[in-house]
Amino acid sequence: MPESVLEIDRISKRYGNVTALRDMTFSVRAGEMFGFVGSNGAGKTTTMRIALGVLAADSGEVRFDGAPLDLRMRRRIGYMPEERGLYPKMRAAQQLAYLGELHGMSRHGAREAADRWIDRLGLTERRDEEVQKLSLGNQQRVQLAAALVHEPDILVLDEPFSGLDPVAVDVMSQVLRDACDSGVPVVFSSHQLDLVQRLCDRVGIVRKGEMVANGTVEELRDSGPTTLLVDVPNAPADWAEGTAGVRKLGVESGRTRLELSDDADDQAVLAAAMATGPVREFARYRPALTELFRNAVTEESAA
Ligand SMILES: Nc1ncnc2c1ncn2[C@@H]1O[C@H](COP(=O)(O)OP(=O)(O)OP(=O)(O)O)[C@@H](O)[C@H]1O
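Predicted model only: the values in this text are computed from it and were never measured.

How each quantity is defined
The written sequence of each chain sets the order in which its residues are numbered from 1. Per-residue local features are limited, in this predicted model, to residues with pLDDT of at least 70; the limit for side-chain atom pairs, both in listing and counting, is 80 or more; totals at the level of whole chains, interfaces and linings are taken over all residues. A run of H or I in DSSP becomes a helix once it reaches four residues, and a run of E becomes a strand once it reaches two; helices and strands are each numbered from the N terminus. A residue is called partly exposed when the number of other C-beta atoms within 10 Å of its own lies between 12 and 20, exposed at 12 or fewer, and buried at 20 or more, with C-beta atoms placed from the backbone. Contact criterion: two residues are in contact if their C-beta atoms, reconstructed from the backbone, are within 7 Å. Put simply, a nonpolar core is a cluster of buried Ala, Val, Leu, Ile, Met, Phe, Trp, Tyr and Cys residues tied together by C-beta atoms within 7 Å. UniProt positions are given in the numbering used here, feature names are shortened, and annotations may be inferred rather than shown by experiment. Here, nearness means that the C-beta atom of a residue, built from backbone geometry, sits within 6 Å of the molecule or strand in question. Three categories are distinguished: nonpolar for Ala, Val, Leu, Ile, Met, Phe, Trp, Tyr, Cys and Pro, charged for Asp, Glu, Lys and Arg, and polar for the others, with Gly belonging to the last. Here, any two strands with at least 2 DSSP bridges between them count as paired. Fitted lines through C-alpha atoms give the axes, limited to the stretch in contact for helices. The angle between two N-to-C directions lies from 0 to 180 degrees. For classification purposes, angles smaller than 35 degrees are called roughly parallel, those larger than 145 roughly antiparallel, those between 65 and 115 roughly perpendicular, and all remaining angles oblique.

Visitor: A description of the environment of Thr46 should follow, citing residues and the corresponding values.
Guide: Mapped onto the fold, Thr46 is located in helix α1 (residues 44–52). A residue is classified by how many C-beta atoms lie within 10 Å of it, and Thr46, with 20 of them, is buried. Considering only alpha carbons, one finds Thr46 and Leu123, 77 residues apart in sequence, at a separation of 31 Å. Once residues within four sequence positions are removed from consideration, Thr46 is found in contact with Lys13, Ala20, Leu21 and Leu55.

This is how it looks when you write it as C-alpha cells:
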C-alpha cells in the first residue's frame, strides 16, 4: 500500500495578469504537520483552495496516496476556509451534525460526532447557541469542529489560529497534534511564526507564489552560512580578521558575530579567540523562523 501523502505537484495559477502560483510544489506525509507561511498575497489560500478542489489550477496536479484527487477523495478532506463558512443562524451542535451528514455520515453517527467535538473543543455550554451569537474565538472552534466532524483523512486549515486567545490556541494545537498522531496529514497556514516553529514537523515558506524554502524547522535554521557568536571580553576589535574564511558581521551585546565560509575552520576561530584571553561564549547562532521569514520577505521587496 502506498504511503499516505498529500502531494502538491507544480501547481500554477494566474488571475488575469497576476501570477498567484508558479510551480508550487510540496508534500505532506501521514502524521506530519506542515506549516505554510508567507506574506499577505503570497499564494497560501490559493494553494489550499486548489488542494481542496474548489478552485481549478491552470496546470499541475494534487495527489493523495499517489492518485489524483477525485471528488470522492476531496470529500475526505477536512477544510477550514479563511473566510470561514458557517450558517450563522444554525445552532452549533445542529450545524456540525448537519455538516457530518453532508459528508455522508448517518444521522446518528453525525450527531454523536458533533457532540464529541463540541465537548472536545470546550463548547459544551454553547452547543445550542446560534453560531452568530458566539464570540469570534468560539465560532472558530466550531469551524475547526466542522473540519473534523466527518473524521477526514487530510486536514487543510487556512489560518486556524488567527484571533484565538492563548487557551484556545492550546486547545487547537492539541487537537491538530492528535489528528496528526492518528495518521492524518495536516497543513495549516499561519502568520504566527513562533507557533509554527513550535508545532510543525515541516515548514514551507512561500514568496510570490513560489516555494522558497521547505524543510524541518531545524533544517531551515541550519540552512544559511555558519554563523558564530563569540564573547571574548579582552580581545581587540580585529581579533578574528586574520582567520581564513571568516567575516565579521558586527558586535551585539559584547559578542562578536562571525560568518564562516564553507571551508573555514571553526576550531581555528576558537584558537584565535582563546589567544586573546578568556572565552566566555563560543556558540553557533541559529536564526529563529521569524528571522528566516523576514529574510525571505526582505529579498522579496529587494527583488
Ligand atoms: N479571486 C481573485 N481574483 C484575482 N486575484 C486574486 C484572487 N484571489 C487571489 N488573488 C491574488 O492572488 C495572489 C495570492 O493570493 P492568496 O489569497 O492566495 O494569498 P495568501 O498567501 O493566502 O495571502 P494572505 O496571507 O493575505 O491570506 C494575490 O496577489 C491575490 O491578490
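Visitor: Before we move on, can you summarise the nonpolar core with the specific residues and values?
Guide: The biggest cluster of nonpolar side chains holds 68 residues, and the ones touching the most others in it are Leu96, Ala145 and Val186. Looking at this core, the element that brings in the most residues is helix α5 (residues 136–148), giving six residues. Each residue touching Val186, except ones within four places of it in the same chain, is listed here: Met33, Phe34, Leu155, Leu176, Ala179 and Cys180. Formed by nine residues, the second largest nonpolar core is a distinct cluster that contains Val230, Val246, Leu258 and Val269.

Visitor: Would you mind going over the UniProt feature "domain: ABC transporter" (unreviewed entry) in the protein in detail, with residue names and values included?
Guide: If you check UniProt for "domain: ABC transporter" (unreviewed entry), the listed places come out as residues 6–233 in our numbering. As annotated, residues 6–233 comprises 35% helix and 29% strand, and the C-alpha atoms at either end are separated by 52 Å.

Visitor: Kindly report on the site of the ligand, identifying the contributing residues and their values.
Guide: Near the ligand, the surroundings consist of Tyr15, Val18, Ala20, Gly38, Asn40, Gly41, Ala42, Gly43, Lys44, Thr45, Thr46 and Glu82. When residues of the shell around the ligand are traced back to their parent elements, those giving at least two are β2 (18–29) and α1. With three residues, the top contributor of residues to the shell around the ligand is α1. Per-class residue counts for the shell around the ligand are four nonpolar, six polar and two charged.

Visitor: Could you give an account of the sheet that holds strand β5 (residues 67–68), with specific residues and numbers?
Guide: Consider a sheet: its strands pair through backbone hydrogen bonds, and that pairing is either parallel or antiparallel. An order of β2-β1-β4-β5 is seen for the four strands of this open sheet, with the pairing classed as antiparallel. Each of the sheet's edge strands pairs with one partner strand only, and the pair in question is β2 and β5. In terms of strand pairing, strand β4 (residues 59–64) meets β5 through two bridges, oriented antiparallel. Bridge assignment links Phe64 to a residue of β5, and that residue is Ala67. The sheet contacts of α1 involve β1 (5–15), β2 and β4, and relative to β1 the element is tilted by about 120 degrees.

Visitor: Explain the sheet that holds strand β8 (residues 186–189) to me, and be specific about the residues and the numbers.
Guide: Taken in spatial order, the six strands line up as β6-β7-β8-β3-β9-β10 in an open sheet, and their pairing is mixed. Each edge of the open sheet is held by one strand with a lone partner, namely β6 (77–80) and β10 (210–215). In this sheet, neighbouring strand axes are inclined to one another by 15 degrees on average, regardless of whether the strands run parallel or antiparallel. Bridge count between strand β3 (residues 33–38) and strand β9 (residues 202–207): five bridges; the pairing is parallel. Bridged to Phe34 within β9 is Arg202. Together, β3, β7 (154–158) and β8 form the strand contacts of helix α6 (residues 166–181), whose direction differs from that of β8 by roughly 150 degrees.

Visitor: Provide a residue-level description of the environment of Glu259, including the pertinent values.
Guide: Position of Glu259 among the secondary structure elements: in strand β13 (residues 255–260). Note: C-alpha distance between Glu259 and Tyr15 (244 residues apart in sequence) is 42 Å. Apart from the residues within four sequence positions on either side, Glu259 is in contact with Pro225, Thr227, Arg247 and Leu249.

Visitor: So what about the packing of α5 against α6? Which residues, and what values?
Guide: Geometrically, a packed helix pair is captured by the angle between its two axes and the distance between the axes. α6 packs onto α5 with a crossing angle of 5 degrees between their chain directions and a minimal axis gap of 11 Å. As summarised for this structure, α5 and α6 are arranged roughly parallel, according to the angle between their axes. Two secondary-structure elements touch here, α5 through Gly137, Arg141, Leu144 and Leu148 and α6 through Ala168, Met172, Val175 and Ala179. Residues of the contact of α5 with α6, tallied by class, amount to six nonpolar, one polar and one charged.

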